[in-house]
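Residue strings, one per chain:
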Amino acid sequence: MSTPSFYISNLLEKMTSTDKDFRFMATNDLMLELQKDSLRLDEDSEHKVVSRLLSLLEDKNGEVQNLAVRCLAPLVSKVKEFQVEVMVDTLCSNMMSNKEQLRDVSSMGLKTVIAELPSPSSGSSLTVSVCKKITCQLIGALGKHQDVSVQLEALDILSDMLGRLSGALVSFHSSILSSLLPQLTSSRMAVRKRAILALGHLVPGCSSALFSQLTEHLLAELAEGPPSSLTRTYVQCLVTVSRQGGHRVGNHLEKLLPIVMKLTAVEDDELREACFQALEAFLRSCPKEMTAHVSMVMKLCLNFMTFDPNYNYDDDEEEEEDSMDLGDDLDLESDDEYSDDDDMSWKVRRSSVKCLEALIATRPDLLSSFYTSVCPALLARFKEREESVRADIFAAVVALLRQTRDVARRRNLAEGEEPAEDTLKKQVPLMVKCLHKQLRQKSLCSRQGSFSVLTQLVHTAPGVLQEDIPVLVPGIVFSLTDKASSSMLRMDALCFLHVLILSHSIDAFQPHLQVLVPLVVRCVDDTFYKITSEALLVAQQLVGVMRAPQQDSARAGLHPQPFIKEVFSATMKRLKATDIDQEVKERAISCMGHIVCYLGNHLGEELQGVLTIFVERLKNEITRLTAVRTIALIAASPLKIELSSILSEVLHVLSSFLRKKQRSLKLATLSCLTTLVTHHAKGLQAVALDPLLAELPAHVDESDMHISQVSVTLLSAVARASPRALPMLGSSALPGVLALLRSPLLPAGALAAILDLLQALVLSGSHNLGYSQLLRSLTGPFRSAEGSALHRQAYHSAARCVAGLISVCPGETPGAVARLIQEVKGPGSETEPVRVLALLCLGEAGRLGSLGTSREVQDVLLEALCSPSEEVKAAAACALGGVAIGSLSHFLPFILQQISSQPRRQHLLLHALREAISACPASSLTPQVDRVWSLLLQGCQSEEEGTRTLVAECLGRLTSTHPTLLLPRLQQQLNTASALVRSTVVAAVKFTIVDHPAPIDTLLKDCIGDFLRTLQDDDIGVRRVALVTFNSAAHNKPGLIRGLLPTVLPQLYKETEIKKELIREVEMGPFKHTVDDGLDVRRAAFECMYTLLDCSLDGLDLLPFLEHLEEGLKDHYDIRMLTFLMLARLASLRPDAVLHRLDRLVEPLRATCTTKVKAGSVKQEFEKQEELRRSAMRAVAALLAVPELARSPVMADFANQIRNSEDMASIFQSVRGEGEAAAGSMDTS
């Protein structure tokens, strides 16, 4: 016998001892053994352990029984399936015993076993077989056993099983339903409640037919005769079924709703409560189907929200005492002292308010009407006497404000205010008046709810309480000084005060400093760290109030010095402490940083001690990031705080931080160093910068462009501040900067930083870093063999820097231009990269005005346009546009004349024209507008699509400069007979839409509908361009098209359909190839649908949207890839809508995942199919990540199929690993 088996045999023998302590210790030791992963039991040991533990369930000692139950959990995974079935059979038999203690222990044992069974999706046969055994016995117990306690335990266990293992019980769902429905008529309320709970767990995983059977049964019972004692039970069951059933309730809503509405008239408060809960469930589960009934439900809720037949509200008393006397209020009688144990009307009021909250949450489209109908009614009910109802009223108002804020966020910033926000501002005076009364109440709930409403109001409409601050401050003071105030209430008061100061003008708070500062200081000294933390945030904002101009303070009769001393002392105490919470440490550092930054001139000798503490906190790993940001703040102080005493040490510590891996610390450190070097250059010694310059080169790398940009900015600051550091900078950092300049990934910000550094080096006058040396370093790689391998972006970046150097060295300009012209005109031995770079340099220099109206430059560029090299021609076109920007009056007429007279070079010249139009101000273009317009209209007729695209861009850019004049002209061209002109004009509109506010926006909003009517154009090319324009508008300015969605969407959906008349066969030798001329249009339509998910989700009816998405899942490769992304996005945004059509959406996913490429296909076909499968699996993973979708039977079946297929399972695991890795990489920032 092996050692573990021998040890367990000894334990089993001790478990039969007559001494209860021996039995207890032996069972405990067995449990510890079973919990070891390494334990393996042979068949005989399994049998003995199971038998012994089951016998101990009948032990006379309760502690031994409990230990035996706990042993069952690890035992499930240690023994074979047969032994688990033996355990289950015994436990089920014991559960029906007449012995109450044995029954209870066995019930606990069954729950323990069920909790340890593997998930059905794992494919384990153990779960299925055990669940079947338990279910059969539980159903039998419910049908035959009359003992209520047995029924309760059976229902409890059945609920556990259905909640966790419903997928393994699909074959028993019908039997379970049949056994549960009779329990709804039980004479015992506890049985009925547990039956309802079990039905709620059954509903998510049951079939549609079974759900309909359950709903029809409830309908029949509710419709039968007058309301009886069971009616409430059936309505409560309907509530649970509706919450769990989701969209499926919508199919039965027309029958259910009239019955529920009728029952609200019955004089039974608890029945009415259940009815309102049902209405709430309907609103949340199927908002679309409830649309027609919204007004009726709202009217009913508003009516019963005031239902309080046993209490008379004295309105006159509510209107008294608008001002507040803190001393008297402590003794006021409170309405909360009213009590009536038999009064259940508060349940009706609470449920009607919750129903209103559901209405607000599900109908953002009705926000404006809510502010005129619902909001005043809710505000009037702040006088509610029942505290729990009052809390729900506050929650409903918060939901209304939050919904307003969410809708505003989804709108584009350029669209202006929403009507709902306007209506909200009209309600603010009434809201403040009602909340002011609540802030005077002794009730903590009232005050806490008031602060939550006020805080949300400020978040939704910043600045809206500017005039009401004198009214609100006494309420804040009361909550902070009242001894009865809880910690949570004081935190809420501080939080509100923080956001109030943050979002309003500081002038409004100066008269209240005398009251607020002592209170905030007292809270900073509080023993509860959360209150201290919130108080420090408020103190930080009060610093801004105290630093207001001295004349304003004097005019108000206030002198900030005493307040500064109070706040400083309290903050200093927390700053010095080391045995406090990290959050308090960080906020104390930040608060003191603001004090030093803005009030440092008032601190005197105390300042040096504060700076010393900051250095200590800088060296502490826990607080260093906050300390870095605080030192940066102080370094940039308008008071020019003297930091010479700590500067060297701080530089040394900060330089060491550049070796750390924490990215946020690196960025904060680089920013802090830049600020220190910029503002405290006089206190710097060249030696102190050596460690910094040694660390910086490693951070100038294209692997992290943002860190590179900040590093180059720091180098520029060093170059300007310390000429002695230039030799080391030039030798160690400059090569990396120039290598970065040649990166194809270089963003505009990093390029600007590099240009700034090079100009700083030239202006420094350093011998080895002068104009000539830097110019050679910039252009050298383009003259070598390496030049031809460089990316095109590298040429543009280098040209920008060369032009920048020329602009800061006017004396070098003539010679530099002459050399560049010579390089362009150079003999054949000159390499193409050199000519391209020279042309681009001329263009950038001309853009900065360094070339004037040079005739020689004009001739050189014109000659380069005829070059046989495409790269040279493109560079010449770009250069011509650049020089035109610098001297528009001379070069623009020349470009226009060339476009008219040189049709072969029209494409290149249009590039130059585009450059000029895009960069020049509208005023300089005005003299030539009509001529440019006429020329571009002629270009609309070009047969070449590339030329028409350029013409469209030029038309769009030109229209943006003169919208009032040109937009109507553009609109008139829609009536032309030429499809080419119509498509070019519609494409031009796309280029007038930018992602920031523009003067054309207002005009465009009025007429964009005319341009989008081309979605009905007979020409497929025009329709495709219209879709692209619509997509651009939806992405950049959703407000332009949101009002047009009802008319545009049908046309958009029509373009997603496959049109057989556009599919043709082309013979290619012995093969026939199918060409789909409608593919580009369909792709453009699906791209529009994808964009609408991000910018106009609230304006979409998702059922037709999903219908067309479903067709896209079966379409061409490109469209399927896009629709997989859309489905994954919808699963996270609107799982309820996806659930409606999940059965039909899963089949295309299944087909994609199971399809295999025919043998003998080319490699590209295999790669495309593999990518399709991976993309489909990503959509599947997104669906399974949503619990409501994962519980669906069709989804559970597909998940099981994936797990049982080795090929699909490996793809699924790989895709899920990608998602986890992406989430992890995002967290590291």
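Here, residues in each chain are numbered from 1, in the same order as that chain's written sequence. It should be noted that, the model being predicted, local features are given only for residues of pLDDT at least 70 and side-chain atom pairs only at 80 or more, the latter also being counted only at that level, while totals for whole chains, interfaces and linings use all residues. Side-chain calculation: all heavy atoms of the structure are included, whereas hydrogens and water are not.

1. Digging into the overall build of the chain
In this text, helices come from DSSP runs of H or I with a minimum length of four residues, and strands from runs of E with a minimum of two, each type numbered from the N-terminal end. Scanning the chain from N- to C-terminus turns up 63 helices and two strands. By principal-axis analysis of the C-alpha atoms, the chain measures approximately 110 × 95 × 80 Å. Each residue gets one of three labels from its accessible area relative to the maximum for its type: buried under 20%, exposed over 50%, partly exposed in between, using a 1.4 Å probe on protein chains only. Burial analysis of the chain (1229 residues in total) assigns 54% to the buried set. Whether two residues are in contact is decided by their heavy atoms: any pair within 4.5 Å suffices. Taking contacts inside the chain between residues at least 6 apart in sequence as the whole, the part at least 24 apart equals 74%. Each accessible area is a Shrake-Rupley estimate made with a 1.4 Å probe; only the visible protein chains count as cover when residues are assessed. Of the roughly 53,600 Å² that the chain leaves accessible, carbon and sulfur atoms contribute 51%. A gap of 4 Å separates the mean positions of the 127 positive and 149 negative side-chain charges of the chain. A residue counts as positive if it is Lys or Arg and as negative if it is Asp or Glu; His and the chain ends are not included. To locate a charge, take atom NZ for lysine, CZ for arginine, CG for aspartate or CD for glutamate.

2. What about the side chain of arginine 1120?
Here arginine 1120 is to be found in helix 57 (residues 1117–1133). A pairing counts as a salt bridge when a side-chain nitrogen of Lys or Arg comes within 4 Å of a carboxyl oxygen of Asp or Glu. There is no salt bridge for the buried arginine 1120, and the closest opposite charge comes from aspartate 1115, which lies 7.3 Å off by N-O distance. The definition of a polar contact used here is a pair of N or O atoms within 3.5 Å, where within protein one atom must be able to donate a hydrogen and the other to accept one, and adjacent residues in sequence count solely through side-chain atom pairs. In terms of polar contacts, arginine 1120 uses its side chain to reach the backbone carbonyl oxygen of aspartate 1115, at 3.1 Å. Residues within four places of arginine 1120 in sequence aside, it is in contact with Gly1112, Leu1113, Lys1114, Asp1115, Thr1152 and Leu1172.

3. Quick word on the environment of threonine 27
With respect to the helices and strands, threonine 27 occurs in helix 2 (residues 20–34). Along the sequence, threonine 27 and glutamine 1169 sit 1142 residues apart, while their C-alpha atoms lie 57 Å from each other. Looking at threonine 27, its side chain comes within polar contact range of the main-chain oxygen of arginine 23, at 2.6 Å.

4. A closer look at the layout of surface pockets
To find leftover empty space, one rolls a probe the size of a water molecule over the atoms. Considered as a void within the structure, the largest pocket measures approximately 1,200 Å³ in volume. Two kinds of site are reported from a 1 Å grid over the protein atoms alone, namely cavities, where a 1.4 Å probe fits but cannot get out, and pockets, open sets with protein on both sides within 12 Å along at least five of seven lines, and residues are called lining when an atom falls within 4 Å of a point. Around the largest pocket, the lining comprises 41 residues; the ones closest to its centre are Thr362, Pro364, Asp365, Asp1098 and Arg1134. Within the residue set of the lining of the largest pocket, elements represented by two or more residues are helix 14 (269–285), helix 18 (345–362), helix 19 (367–380), helix 20 (387–410), helix 21 (419–438), helix 56 (1102–1112) and helix 58 (1135–1140). Across the lining of the largest pocket, the residue classes break down as 15 nonpolar, nine polar and 17 charged. Grid points are joined across faces, edges and corners, and a volume is the space filled by probe spheres set on the points. When residues are grouped by polarity, Ala, Val, Leu, Ile, Met, Phe, Trp, Tyr, Cys and Pro land in nonpolar, Asp, Glu, Lys and Arg in charged, and all others, Gly among them, in polar.

5. Section: the pairing of strand 2 (residues 1071–1076)
By the bridge criterion, six bridges tie strand 1 (residues 1063–1068) to strand 2 in an arrangement that is antiparallel. Of the residues in strand 2, the one forming a bridge with methionine 1068 is phenylalanine 1071. Only strands joined by at least two bridges in the DSSP assignment are considered to pair. Once strand 1 ends, the chain turns through two residues before running back antiparallel as strand 2, passing glycine 1069 with a positive phi of about 65 degrees.

6. Some words on helix 49 (residues 963–972)
Among the residues of helix 49, Pro963, Leu966, Leu967 and Leu970 are the ones counted as buried. For helix 49, the angular spread of the buried residues around the axis is 105 degrees, confining them to a single face. Exposed residues lying more than 90 degrees from the buried face of helix 49 are Thr964 and Gln972. Read the arc as the range of directions from the helix axis to the C-beta atoms.

7. So, the packing of helix 25 (residues 513–524) against helix 28 (residues 561–576)
At a minimum axis distance of 10 Å, the contact between helix 25 and helix 28 shows a crossing angle of 10 degrees. With respect to helix 28, the element helix 25 is oriented roughly parallel. From helix 25, Leu513, Gln514, Val517, Pro518, Val521 and Val524 reach across to helix 28, where they touch Phe563, Glu566, Val567, Ala570 and Arg574. Among the residues making up the contact of helix 25 with helix 28, the classes are represented as eight nonpolar, one polar and two charged. Axis definition: a line fitted to C-alpha atoms, limited for helices to the stretch in contact. Angles are taken between N-to-C directions and run from 0 to 180 degrees. Small angles under 35 degrees read as roughly parallel and large ones over 145 as roughly antiparallel, with 65 to 115 read as roughly perpendicular and the rest as oblique.

8. Description of the pattern of salt bridges
Summed over all chains, the structure comprises 64 salt bridges. When the shortest N-O distance is used, the salt bridge between arginine 272 and aspartate 269 registers 3.8 Å. Of this pair, arginine 272 and aspartate 269 both sit in helix 14, three residues apart, which is roughly one turn of that helix. Its relative accessible area of 18% is what places aspartate 269 among the buried residues. For the salt bridge of aspartate 1115 with arginine 1082, the shortest nitrogen-to-oxygen distance reads 2.9 Å. Linking aspartate 1115 in the loop between helix 56 and helix 57 with arginine 1082 in helix 55 (residues 1079–1095), this pair joins segments that are 33 residues apart in sequence. Accessibility classification places aspartate 1115 together with arginine 1082 in one group, the buried group. Taken together, the shared-partner salt bridges connect Glu1107, Glu1110, Glu1111, Lys1114, Arg1141 and Arg1144 into one network.

9. Observations concerning the confidence of the model for the chain
pLDDT gives the predictor's per-residue confidence on a scale running from 0 to 100. Looking at the chain, the pLDDT average stands at 86 and 93% of residues meet or exceed 70. Low confidence marks residues 316–338, where pLDDT is under 50. Its contacts with residues over four positions away, or in another chain, come to 31 contacts. Per-residue pLDDT stays below 50 along residues 1224–1229; that stretch engages in one contact with residues further than four places along the chain or on separate chains.

10. Observations regarding the packing of helix 7 (residues 125–144) against helix 8 (residues 148–165)
Two elements in contact, helix 7 and helix 8, have axes separated by 10 Å at closest approach and are oriented at 150 degrees. If you check the angle between helix 7 and helix 8, you find them roughly antiparallel. Of the two elements, helix 7 crosses helix 8, and the hand of that crossing is left-handed. Taking contact as the criterion, the partners of Thr127, Cys131, Ile134, Thr135, Leu138, Ala141 and Leu142 in helix 7 are, on helix 8, Val150, Gln151, Ala154, Leu155, Ile157, Leu158, Met161 and Leu165. Looking at side-chain class alone, the contact of helix 7 with helix 8 contains twelve nonpolar, three polar and no charged residues. Should the near helix be turned anticlockwise from the far one by less than a right angle, the crossing is termed left-handed; should it be turned clockwise, right-handed.

11. What about a nonpolar patch on the surface?
Exposure above 30% relative accessible area and the lack of any salt bridge qualify a residue for a patch; like charges then connect within 9 Å, and the nonpolar side chains Val, Leu, Ile, Met, Phe, Trp and Tyr within 5 Å. On the surface, a cluster of nonpolar side chains totalling about 280 Å² of accessible area is made up of Phe22, Phe24 and Met25. Looking at the secondary structure, you find phenylalanine 22 in helix 2.

12. So, helix 32 (residues 644–657)
Here, expected helix span is obtained from the residue count minus one, scaled by 1.5 Å. Its 14 residues place the ends of helix 32 20 Å apart at the C-alpha level, agreeing with the 20 Å of an ideal helix rising 1.5 Å per residue. The bend reported for a residue corresponds to the angle between axes fitted to the seven residues ending at that residue and the seven starting there. The largest bend in helix 32 amounts to roughly 25 degrees and is located at valine 650. Among all positions in helix 32, only Ile646, Leu647, Val650, Leu651, Val653, Leu654, Ser655 and Phe657 are buried.

13. Considering the state of the cysteines
Disulfides are defined in this document as cysteine sulfur pairs within 2.5 Å. Per the stated rule, a full pass over the model turns up zero disulfides. The thiol of cysteine 1095 is not disulfide-bonded; the next cysteine sulfur, from cysteine 1088, is found 9.8 Å away. According to the relative accessible area criterion, cysteine 1095 is buried, its value standing at 10%.

14. Looking at the nonpolar core
Take the buried residues of types Ala, Val, Leu, Ile, Met, Phe, Trp, Tyr and Cys, join any two whose side-chain atoms come within 4.5 Å, and each joined set is a nonpolar core. Within the largest apolar cluster, 424 residues are counted, with the highest numbers of intra-cluster contacts made by Phe282, Leu465 and Leu913. Setting aside residues no more than four positions away along its own chain, phenylalanine 282 makes contact with Leu238, Ser242, Val249, Leu253, Leu256, Leu257, Val260, Pro287 and Met290.

15. Topic: unusual backbone geometry
Of note in this structure, lysine 640 is not a glycine but carries a positive phi near 55 degrees. Relative to the elements of secondary structure, lysine 640 occurs in the loop between helix 31 (624–635) and helix 32.

16. Regarding the packing of aromatic side chains
Note on aromatic pairs: the rings of Phe, Tyr and Trp (six-membered ring only in Trp) are paired at centre separations within 6.5 Å, and the planes decide the class, stacked below 30 degrees, edge-to-face beyond 60, tilted for the rest. Tallied over the full model, the rule gives seven aromatic pairs. Counting as a charge over the ring demands two things of the Lys NZ or Arg CZ atom: a distance within 6 Å of the ring centre and an angle within 35 degrees of the ring normal. Stacked on the ring of phenylalanine 307, the Lys or Arg arginine 272 has its end atom at 5.0 Å from the ring centre. Over the face of the ring belonging to phenylalanine 657 we find arginine 624, whose NZ or CZ atom lies 5.6 Å from the ring centre.

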